[in-house]
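Residues per chain are reported as follows:
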Amino acid sequence: MSNATGGRRENGGKQTTMRDVALAAGVGLGTVSRVFSNVGSVAPATREKIEAAARELNFRPSALGRDLKRRTTNNIGLIVTDISNNFYGEFAQGVLATAKEQGRHVILCASGEEPETEREYIDLLVEQRVDGIIAFPTGHNLDSWRSARDLGINIVFADRELPDLDIPSIVVDNEAGARRLTEYLLALGHSRIGYLGGPSELTSGGQREAGYRQAHLDVGVAVEEDLVVRTRFTRDTAYASALRLLENPVPPTALVATNNVLGEAALTAIRDRGLSVPDDISLVMFDDVPWANLVEPPITVVAQPAWQMGQSATRMVLAADGEKVQPQTVKTEMVLRRSARPLHSSAPA
């Protein structure tokens, strides 16, 4: 960590940091911190490699670095995936407002769903000695998350869970939300319902797909597997995936998009194909972002209380030392608008 050193490099007299040791040893910054703060366990071979790198770089941890676990900075970290996404912006507003009430500052990072970028930000926030981290995890970097947790940094995951880690999360009832959207379309007489979802390895993606499938199972309608498309949350890949659904030899009559980026991509692809909502295809989605009520027709959605989730996540991550933080599951709300209609009707439902 910066400033957590008593050693100096020979080349120019620059102060050697824990980051330098981590790079030299080929390990994460959190692992180096665990070695020199004596918090958590590190494999003997890894410890030897780190200590050898420290000797080579003439690194000496300072008392400040050794006192890492007890030190507070009044800062918390927030790792979102996409700052241009309205959902994350509203969530961040909830975090910022609540942190300000508690006299805390927020360091905002955006991973872009890239595991390597996420790992760099975890290291950065550990280096900054934040008191807590709120994150939308990519599903990778389990060792880095464990290291940060073992150093005494409170961590709360949002929207997603990592079952292999004992870290609390705040999520919406993803399965119930997706099931309600799909049930609505099935009740309108649609049976070829396209599904545009995120990667199934994300818990939110898997849960929303499970809801889509359960709604079909409940009414005895088979899922058309060629209409199930999973994609990354970047606009280009989402748009290409939406086009794949629309170009199916027997295209869907309705479409469920499982977040606002995918919904935007689906609506754009529909219009670019010269089709209209809901005359040619019904469209529903997760997330009640501002544009969903401004387009014509307005989009039927399942709304997530993003601001309130940010507020709750902040209170969770700032819980007193030793206080057991329980995971939270938040309900969604169905908002009916005019983007879907009965299959054999000219009037929107």
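Once a new chain begins, its residue numbering starts again from 1 and follows that chain's sequence as written. Reporting of local features is limited, given that this is a predicted model, to residues whose pLDDT is at least 70; pairs of side-chain atoms are given and counted only at 80 or more, and all residues count toward the totals for whole chains, interfaces and linings. Here the side-chain values reflect all heavy atoms present in the structure, with hydrogen atoms and water set aside.

> Break down unusual backbone geometry for me, with residues and values.
Backbone torsion omega between Val277 and Pro278 reads 0°, so that peptide bond is classified as cis. The residue Pro278 is located in the loop between α11 (260-272) and β9 (282-286) in this model. The omega angle of the peptide bond from Glu296 to Pro297 is 0°, so this bond is cis rather than trans. Helix numbers and strand numbers start at the N terminus; a helix is a DSSP run of H or I with at least 4 residues, a strand a run of E with at least 2. As for its position among the elements, Pro297 is in the loop between β9 and β10 (300-303). One non-glycine residue, Arg129, lies in positive phi territory at about 60°.

> An account of the packing of aromatic side chains is requested, with residue identities and associated values reported.
In this scheme Phe, Tyr and Trp rings, the latter by its six-membered ring, pair at centre separations within 6.5 Å, and the angle between planes marks the pair as stacked below 30 degrees, edge-to-face above 60, and tilted otherwise. Applying the stated rule across the entire model yields six aromatic pairs. Relative to Phe157, the ring of Trp145 has its centre 5.1 Å away and its plane inclined at 80°; by these criteria the two rings are edge-to-face. Placement of Trp145 in helix α7 (residues 142-150) and of Phe157 in strand β4 (residues 154-158) is noted, with a sequence separation of 12 residues between them. Among the aromatic residues, those joined into a cluster by ring pairs are Phe87, Tyr88, Phe91 and Phe136. Comment: the charge-over-ring label is applied if NZ (Lys) or CZ (Arg) is within 6 Å of the ring centre and within 35 degrees of the ring normal. If you follow Arg208 out to its NZ or CZ, it ends over the ring of Phe286, 3.8 Å from the centre.

> Explain the sheet that holds strand β8 (residues 254-257) residue by residue, including any values.
Here, a strand pair is defined by DSSP locating no fewer than two bridges between the strands. Within the open sheet, the six strands sit side by side as β7-β6-β8-β9-β10-β12. Their pairing is mixed. Of all the strands in the sheet, the pair left with one neighbour each is β7 (228-230) and β12 (333-335). Pairwise comparison of adjacent strand axes, ignoring direction, gives a mean angle of 15° for this sheet. Two strands pair when backbone bridges link them, and strand β6 (residues 193-197) and β7 are joined in this way by three bridges, in the parallel orientation. Opposite Gly197, over in β7, you have Arg230 as the bridge partner. What makes two residues a contact is simply this: any of their non-hydrogen atoms within 4.5 Å. Think of each axis as a best-fit line through the C-alpha atoms, taken over the contacting stretch in the case of a helix, with angles from 0 to 180 degrees between the N-to-C directions. Lying over the sheet, helix α10 (residues 235-246) contacts β6, β7 and β8, oriented at roughly 165° with respect to β6.

> Give me the lowdown on the nonpolar core, citing residues and values where you can.
Taken as a class, soluble globular proteins show a tendency for nonpolar side chains to be buried jointly. Definition of nonpolar core: a set of buried residues of the types Ala, Val, Leu, Ile, Met, Phe, Trp, Tyr and Cys, connected through side-chain atoms within 4.5 Å. Note on exposure labels: buried denotes an accessible area under 20% of the residue type's maximum, exposed denotes more than 50%, and partly exposed covers the range between, all computed with a 1.4 Å probe on protein chains only. Ranked by size, the top nonpolar core spans 42 residues in total, and within it Phe91, Ile134 and Leu185 carry the most contacts. When residues of this core are assigned to their parent elements, the largest contribution, six residues, is made by helix α5 (residues 86-101). Other than its neighbours up to four places away in sequence, Ile134 contacts Ile76, Gly77, Leu78, Ile79, Phe91, Val95, Val156, Ala313, Thr314 and Val317. Among the nonpolar cores identified, the runner-up in size contains 30 residues, and Leu196, Leu227, Leu246 and Leu262 belong to it.

> Any details on the environment of Asp159? Residues and values, ideally.
Looking at the element boundaries, Asp159 is found in the loop between β4 and β5 (169-172). Overall, Asp159 belongs to the buried group, its relative accessible area being 7%. Sequence-wise, Asp159 and Asn174 are 15 residues apart; in three dimensions their C-alpha atoms are separated by 8.9 Å.

> Summarise the environment of Gly139; cite the residues concerned and give the values.
Within the secondary structure, Gly139 sits in the loop between β3 (132-135) and α7. Among the residues examined, Gly139 registers a relative accessible area of 35% and is labelled partly exposed. Considered as a pair, Gly139 and Leu162 are 23 residues apart in the sequence and their alpha carbons are 6.5 Å apart.

> Kindly report on the pattern of salt bridges, identifying the contributing residues and their values.
One side-chain nitrogen of Lys or Arg within 4 Å of one carboxyl oxygen of Asp or Glu is enough to make a salt bridge. This model, assessed by the stated rule, comprises 21 salt bridges. The salt bridge involving Arg119 is made with Glu116; its shortest N-O contact spans 2.7 Å. Taken together, the residues Arg119 and Glu116, both in helix α6 (residues 115-127) and three residues apart, mark about one turn of the helix. Overall, the relative accessible area of 25% leaves Arg119 in the partly exposed class.

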